[in-house]
Amino acid sequence: MPEGPSVRKFQLLTSRFVGQVVTKVGGSSKKINVNDLNALRLQDSQAHGKNLFLAFVAASSPLGPSMEETAQQKHAVAASSSLVQGKQEQVCAPLIPPQEEELQDLQNSRAGAPSAAGELGGSWLRFHFGMFGSIRANEFSRASRANKRGDWKDPTPRLVLYFESGGFLAFYNCRMHWCSSPAADPTSDILSAEFHRGRALDALRTSHPVCYTLLDQRYFSGLGNIIKNEVLYLAKIHPLTRGSLLALSDLEHLLDCAIRFTSDWLQSKLQGKGLHLHIYQKEQCPLGHAVMKAALRAPGGWKRLTWWCPECQPAVLSEGGDQAVGAE
């Protein structure tokens, strides 16, 4: 699924339409009534980790607060979030097990729908993208290959928003639900200037395998499977090594790799350049060694395909001399 850099690019695409009124809607979504968006004004667009949030208000409403006021509101949200850390009291928090997230989407899809927009001062639509999820501006996605039946069928957008300027946005393979606020903690977002390095290091230093910790959105919001594989290779750390067995300098280097790789990926996307991968979906590492591949699953999580080089990323030995790696 799209990771933080991709969602940031989606946010930039949607921000071009902020201030415009939706004149027509379309799409195949069954989780929301797409007609609820007709004649609303897109007021704001924000990206938090792997989630995109769009704010809508009645067309007769003013555009909304200035960017400075919006920034102040974000800081207030972050401060309130830190007060309830560990209690999971965020209004639209994404930090829940993936198995429960889809059920919650179904339950909440109508809860915040903007009957709404005038009475509450606006509502937010949250987007969480699945595999190959994307947003297109002023164009539709076209089939790049035939499907299993041999048909060249173009992907069907979940939502299409047509705006008064004549432009449109098409959203593909995403889950949507309404919420009252995009409450999120910027200190956990690896692309945020407020990312809390110390808290991330504390998470990495636990006895959990580092490949699982890196995917924990409570500490590394926006970091996904591609970034995980790449930064573990760059840091020369075996995916199943328990963080408590690594020196602090090794963990700091791993965190540096994660921050730098994620930022570089975002810049490449904004410049229209491709991403240079070292290990993800490779059969050999850059040094020519054979790459191992396995589906690893954290307790209560999904299996994630993981690639590593046994030569470049050797297993760490415990004090007893055994290979100290976590089990699947």
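To keep things clear, this report deals only with the structure shown in the data block. (Residues numbered from 1 in each chain as written. Predicted model: local features only at pLDDT ≥ 70, side-chain atom pairs only at ≥ 80, totals over all residues. Heavy atoms only, no water.)

On a plain count of helices and strands, the protein chain comes out with seven helices and eight strands. For the protein chain, long-range pairs separated by at least 24 residues make up 68% of all intrachain contacts whose partners lie at least 6 apart in sequence. Of the roughly 16500 Å² that the protein chain leaves accessible, carbon and sulfur atoms contribute 50%. (Helix = DSSP H or I, 4+ residues; strand = E, 2+ residues; numbered from the N terminus. Contact = heavy atoms within 4.5 Å. Areas by Shrake-Rupley, 256 points an atom, 1.4 Å probe, with all protein chains shown as cover.)

Before going further, it helps to spend a moment on the state of the cysteines. The full count for this structure, using the stated rule, is zero disulfides. Left without a disulfide partner, C309 is nearest to the cysteine sulfur of C312, which lies 3.6 Å away. On the basis of relative accessible area, C309 is assigned to the buried category, the value being 0%. (Disulfide = S-S within 2.5 Å. Buried < 20%, exposed > 50% of the residue type's maximum accessible area, 1.4 Å probe, protein only.)

Within helix α6 (residues 225-234), nine of the 10 residues are buried, which leaves it mostly tucked inside the rest of the structure. If you check which residues of α6 are buried, you get N225, I226, I227, K228, N229, E230, V231, L232 and Y233. After α6 finishes, the residue K236 shows a positive phi value of roughly 60 degrees.

Turning to the nonpolar core, a few remarks are in order. Counting residues in hydrophobic clusters, the biggest one holds 38 residues, and the most contacted among them are V210, L214, F220, L223, V231 and L254. Mapped by element, the contributors of at least two residues to this core are α4 (197-204), α5 (210-213), α6 and α7 (248-270). By residue number, the principal contributor to this core is α7, which donates eight residues. Among residues more than four places away in sequence, those in contact with V231 are L214, L254, C257, A258 and F261. Counting residues in hydrophobic clusters, the runner-up holds 28 residues, among them I32, L42, A47 and L125. (Core = buried A, V, L, I, M, F, W, Y, C linked by side-chain atoms within 4.5 Å.)

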